[in-house]
Amino acid sequence: MAKLKYERPVIKKMNAGLMNKFGTRTEFQPVRAIDGVPVLSLIEGYGSPLFVLSERQIRRNYQSAARSFKTRYPKVQFAWSYKTNYLNAVCQIFHQEGSWAEVVSGFEYRKALGNGVAGNQIIFNGPDKHRNDLLLAIENDSLIHIDNFDELYSLIELCNQINKKPRVAIRVNMDTGVYPLWDRFGFNYENGQAWNAISKIVASGKMQLVGLHCHIGTFMLTTSAYMAAATKMCELATRCKNLLHNPVEYLDLGGGFPSTNTLRGAYLPGVDTVPSIDDFAEAITTTILEYGFKQEELPLLILETGRALIDDAGYLLGSVVANKRLSDGRRATIVNFGVNTLFTAFWYEHKITPAQDFTEHTEDMVLYGPLCMNIDVVRENISLPLLNPGDHVVVHKVGAYNMTQWMQFITTRPAVVMIDEQQQVHLVRQAENLEYIEQMEQVPAHLNSHSLDAPSKERNF
Ligand SMILES: *Cc1c(COP(=O)(O)O)cnc(C)c1O
């Protein structure tokens, strides 16, 4: 055990900690290894900060979620939400497990193709599908989920030019009892817009309406919202069959299930409060099963779960840069990753644990990132033992939305490694460097450093 540093005694309020659900105190344990691989060796091998993904945990999450639905409903298909984490290594795990791809841009669409996903297993969502992307998707027989009337009209126009009937669905938004309403995507159910769109598609004769889609929100905390959504989707599906003689093949209920992270400002930790995937599966499948479809006419149920499948499979390792006292006496610790790297620090109170032994003395402190920017706060208030410069920390549950929303603000993005099920470590994305960043830049000739040798005093504009 490393020798612990002497700490000057201080007088402070006893911090007994919150009771957890078992009535015992939540205590810190250093997290020295991830999936059996020492944090120190990871940092020595790949640098700090460093994202670490657990292949074992990703597969476990997928299999457990798939089991939740498949044990309750006969026809279930998952589609991996690319924007949640589109590192190819991650996508390939989900595809190996049987997931289709759910993409929201031409860029993501091509990424899915590059990952070898069959065209008819790509769901193309999103409000901004370019003409070329749509042509490619039609060519590949992908599922195009229409977001708005302008998109619908341009699709009809496209279809007039080509000799193919695309397979489409519409995205539906609706009142699920959760406010504010998520009504910016898709066609509204209550005001008849969705039905209007459906009727137009079927009447056009240019497309096959094969499904209905909704994605009612993200980090949803109630299962009843999904019951409301599923009921309305079933109702629309029934109308499609009875009134338009166009039964749909599938209902896509989207994603939105929460991970066990704690939302910023939440009173209780996420682990104790969020419903489980089993709860959501129960709510959704019971609603559809009891709606009244004939057994052989039950639609395929598609799910586009993102964060709930990967958040807890990702870790961020980082290091302490410095400590300081703020003007009010509060301790501040500066770590080498900020909101540029850990975008979800804006939403979550991420659990952060030291990666080495520490003293029993803990103190409430603010955890700052290294950026020269006031909003660069990793944790507003966290009780941690005294950390010294050079100490390492582990940030938990960072697998969702960080490796796609990270930015090159002030500094470059760190490496990502994946620990496979045999505890082998694989580099899945290199740390960026200056050369990588500047690869896309071009400097006009007159601004080239060579021209500085002979600066022209006058320039004609
Ligand atoms: C982002 C997104 C998802 C995944 O959402 P989660 O909240 O991460 O489960 C699924 N479907 C669509 C259309 C999305 O935009």
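Just so you know, these numbers come straight off a predicted model, no measurement behind them. (Residues numbered from 1 in each chain as written. Predicted model: local features only at pLDDT ≥ 70, side-chain atom pairs only at ≥ 80, totals over all residues. Heavy atoms only, no water.)

*Asks:* Give a detailed account of the domain arrangement of the protein, specifying residues and quantitative values.
*Replies:* The assigned domain composition of the protein is domain 1 (55-311) and domain 2 (312-432). Listed per partner, the contact involves 28 residues of domain 1 and 26 residues of domain 2. Across the domain 1/domain 2 interface, buried area totals approximately 2,400 Å², and carbon plus sulfur atoms make up 49% of it. When the area that domain 1 buries against domain 2 is broken down by residue, the three leading residues are Leu 87, Arg 264 and Asp 311, summing to 31%. Along the contact surface separating domain 1 from domain 2 lie 2 salt bridges. (Domains from an automatic or database assignment. Contact = heavy atoms within 4.5 Å. Buried area = accessible area lost by both parts, 1.4 Å probe. Salt bridge = Lys/Arg side-chain N within 4 Å of Asp/Glu carboxyl O.)

*Asks:* Run through the pairing of strand E20 (residues 425-429), naming residues and quoting values.
*Replies:* Moving residue by residue along a regular strand, the side chains alternate between the two faces of the sheet. Bridge count between strand E19 (residues 415-419) and E20: 4 bridges; the pairing is antiparallel. Within the sheet, the bridge partner assigned to Val 416 lies in E20 and is Arg 429. In sequence, E19 turns back onto E20 through a hairpin of 5 residues, with Gln 423 there showing a positive phi of about 65 degrees. (Pairing = 2+ DSSP bridges. Helix = DSSP H or I, 4+ residues; strand = E, 2+ residues; numbered from the N terminus.)

*Asks:* How would you explain helix H7 (residues 193-204) if you had to name every residue and give the values?
*Replies:* Compared with an ideal rise of 1.5 Å per residue, which puts 12 residues at 16 Å, H7 spans 16 Å between its outermost C-alpha atoms and is within 8% of the ideal. Burial in H7 covers these residues: Ala 194, Trp 195, Ala 197, Ile 198 and Ile 201. Along the long axis of H7, the arc covered by the buried residues comes to 160 degrees, so they all point the same way. Tucked inside the fold, the buried residues of H7 contact strand E7 (143-146), helix H6 (149-161), strand E8 (167-173), strand E9 (187-188), strand E10 (208-213) and helix H8 (224-244). Just beyond H7, the residue with positive phi is Gly 205, at close to 70 degrees. (Expected span 1.5 Å × (residues − 1). Buried < 20%, exposed > 50% of the residue type's maximum accessible area, 1.4 Å probe, protein only. Arc of directions from axis to C-beta.)

*Asks:* Describe the packing of aromatic side chains, naming the residues involved and giving the relevant values.
*Replies:* Counting across every chain of the model gives 17 aromatic pairs. Plain terms: the ring middles of Tyr 86 and Phe 107 are 5.3 Å apart, the flat faces sit at 80 degrees to each other, and that makes the pair edge-to-face. Here Phe 107 lies in helix H4 (residues 106-114) and Tyr 86 lies in the loop between strand E4 (76-81) and helix H3 (88-97), a separation of 21 residues in the sequence. Joined through ring pairs, the aromatic side chains of Tyr 62, Phe 69, Phe 78, Trp 80, Phe 94, Tyr 226, Phe 257 and Phe 280 make up one cluster. Against the face of Phe 124 rests Lys 129, its NZ or CZ located 5.8 Å from the ring centre. Across the ring face of Trp 195, the terminal group of Arg 239 is positioned such that the distance to the ring centre comes to 4.7 Å. (Phe/Tyr/Trp six-rings, centres within 6.5 Å; stacked < 30°, edge-to-face > 60°. Lys NZ or Arg CZ within 6 Å of the ring centre and 35° of its normal.)

*Asks:* With reference to specific residues and values, describe the pairing of strand E18 (residues 392-396).
*Replies:* A large share of E18 lies buried, amounting to 5 of its 5 residues. Of the two faces of E18, the one lined by His 392, Val 394 and His 396 and the one lined by Val 393 and Val 395 are each fully buried.

*Asks:* Tell me about the site of the ligand, residues and numbers included.
*Replies:* As a matter of local geometry, the ligand sits amid 16 residues, with Lys 83, Thr 218, Gly 256, Glu 304 and Tyr 401 nearest to it. The contact in question runs from an oxygen atom of the ligand to an N or O atom on the side chain of Thr 218, over 2.5 Å. One of the backbone nitrogen or oxygen atoms of Gly 256 is found 2.8 Å away from an oxygen atom of the ligand. Alone, the ligand offers 390 Å² of accessible surface; in the complex the protein occludes 95% of this. Within the shell around the ligand, the residues separate by chemical class into 1 nonpolar, 10 polar and 5 charged. (Near = heavy atom within 4 Å. Polar contact = N/O pair within 3.5 Å; in protein donor to acceptor, adjacent residues only side chain to side chain. Areas by Shrake-Rupley, 256 points an atom, 1.4 Å probe, with all protein chains shown as cover. Nonpolar A, V, L, I, M, F, W, Y, C, P; charged D, E, K, R; others polar.)

*Asks:* Please provide a residue-by-residue account of the nonpolar core, values included.
*Replies:* Core analysis: the largest hydrophobic core is formed by 101 residues, its most contacted members being Phe 69 and Ile 170. Broken down by element, the residue count for this core peaks at 9 residues, all from H8. If you count residues domain by domain, this core takes at least three from each of domain 1 (55-311) and domain 2 (312-432). In contact with Ile 170, not counting residues within four places along its chain, are Ile 146, Phe 187, Ala 194, Ala 197, Ile 198, Ile 201, Leu 209, Gly 211, Leu 212 and His 213. Ile 34, Leu 50, Ala 415 and Ile 419 belong to the second-largest nonpolar core, a separate cluster that totals 15 residues. (Core = buried A, V, L, I, M, F, W, Y, C linked by side-chain atoms within 4.5 Å.)

*Asks:* So what's going on with the confidence of the model for the protein? Which residues, and what values?
*Replies:* Caution applies to low-pLDDT parts of the model: their predicted coordinates are not meant to be read in detail. Mean pLDDT over the protein works out to 93, with 92% of the residues at or above the 70 mark. Residue range residues 14-25 is modelled with pLDDT below 50. Its contacts to residues more than four positions away, or to other chains, number 13 contacts. (pLDDT = per-residue confidence, 0-100.)

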